[in-house]
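# Structural characterization, general
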Amino acid sequence: GAKTTEKSLDKKPIDYQEVYNAIADILEDNDYDDGSIGPVLVRLAWHASGTYDDVTKTGGSNGATMRFDPEALHGANNGLAIARERLMPIKQKFPEISYGDLWTLAGVCAVQELGGPTIPWRPGRQDALDGKSCTPDGRLPDATQGERHVRDVFYRMGFNDQEIVALAGAHSLGRCHPDRSGFEGPWQEAPTLFTNEYYKALRDRKWIKKTVKDSGASQFVDKNNPEVMMLPAEIAMKNDKEFSKHINTYANSEEKFFEDFSKVFNKLLELGVPFQGNERVYHFKPTTA
Ligand code: HEM
């Protein structure tokens, strides 16, 4: 009767801008890396989505299967438990949100709050109940490999060369951790600012090969600032004619990078998601001026 009607009216839909604001509130942490958990949240959103296979239509952020073994234990996901745990207070505050929506929204929030472009985002991911739909290991890129491997992995998701290069610009944020990937250091000197500096660094600096002491991994460092690094896969991309054309475009125009990154990050986060078609598309308002 009337009581049940009242009850169902009580359950108001989630205001995702409120979720965004709550995530923005927990990004800063002076005891963590460079002072922000934003970069590792972007990596969580990417690794949740980048398992997609456009041929079999499996993987992607729907299901949030990284919560389960064996996907949680895949080497590529080392260190991402930290990101998932940091988001638990937000999940407790907004229990109706699915993990897939929460993780992808957190990636959007981090990019925007760290100075990047507005990324259109909509809800619609549903949580898997167990690990049965976990994807096999090996779907995410291996940084020790070359341009051929990078193309194989991203073409499988449905991206072209321009989109691959635009996505790679997310390495403007964050750093490598020897205990997670074996690599060490940030890609540029301001790893909590989303800019096109990554492309300028990749194109213009002199990169020399170096072995990471703790892990034995081989990477490249800036001759003038050996704290700053590039992965072998990225040096291979720089040396590829088609990839380098797009690196040059984005090094020359941050505006073009922002425009293209917004589109391609939205596309990444939506791979394989069974939208109904009537979801509201959010353009989140930044909390910073
Ligand atoms: C970090 C590899 C593409 C976002 C990393 C790390 C590696 C890596 C090895 C270091 C992990 C650690 O030690 O903590 C690659 C390769 C890619 C690729 C080989 C493709 C060729 C992407 C894409 C995005 C992304 C497409 C997002 C759109 C990030 C971010 C971090 C990161 C934000 C920093 C995480 C942190 O600071 O904790 N990536 N990645 N990456 N990756 Fe990628």
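Residues numbered from 1 in each chain as written. Predicted model: local features only at pLDDT ≥ 70, side-chain atom pairs only at ≥ 80, totals over all residues. Heavy atoms only, no water.

Our next topic: helix α8 (residues 161-168). With seven of eight residues buried, α8 lies mostly within the body of the structure. Buried residues of α8: Asp161, Glu163, Ile164, Val165, Ala166, Leu167 and Ala168, and no others. On its buried face, α8 sits against α7 (147-157), α9 (197-204), α10 (232-238), α11 (241-252) and α12 (254-270). The residue sitting at the N-terminus of α8 and contributing the capping side-chain oxygen is asparagine 160; that oxygen lies 3.2 Å from the backbone nitrogen of glutamine 162. (Buried < 20%, exposed > 50% of the residue type's maximum accessible area, 1.4 Å probe, protein only. Helix = DSSP H or I, 4+ residues; strand = E, 2+ residues; numbered from the N terminus. Contact = heavy atoms within 4.5 Å. Polar contact = N/O pair within 3.5 Å; in protein donor to acceptor, adjacent residues only side chain to side chain.)

Before going further, it helps to spend a moment on the confidence of the model for the protein chain. Averaged over the protein chain, the pLDDT score is 96; the fraction of residues at 70 or greater is 96%. Across the protein chain, the secondary-structure element scoring lowest on mean pLDDT is helix α1 (residues 2-10), at 54, and the one scoring highest is α8, at 99. (pLDDT = per-residue confidence, 0-100.)

With respect to protein ligation, the iron atom of the ligand binds only His171 (NE2), at 2.1 Å. The topology assignment puts histidine 171 in the loop between α8 and β1 (175-176). (Donors = N, O, S within 2.8 Å, 3.2 Å for Na, K, Ca; no water.)

Entries for the protein chain in the domain assignment read domain 1 (13-139 + 265-270) and domain 2 (147-262). Domain 1 and domain 2 are separated by 21 Å when their C-alpha centres are compared. Each side of the interface is counted separately: domain 1 has 31 residues, and domain 2 has 20 residues. Regarding the contact of domain 1 and domain 2, the summed buried area is about 2,200 Å², with carbon and sulfur atoms giving 59% of it. For domain 1, the biggest contributors to the area lost against domain 2 are Asp34, Leu114 and Lys267; these three give 24% of the whole. Taken together, the links from domain 1 to domain 2 amount to two salt bridges. The shortest N-O distance in the salt bridge between aspartate 34 and arginine 175 comes to 2.9 Å. Our count for the contact surface shared by domain 1 and domain 2 stands at 14 residue pairs in polar contact (both at pLDDT 80 or more). (Domains from an automatic or database assignment. Buried area = accessible area lost by both parts, 1.4 Å probe. Salt bridge = Lys/Arg side-chain N within 4 Å of Asp/Glu carboxyl O.)

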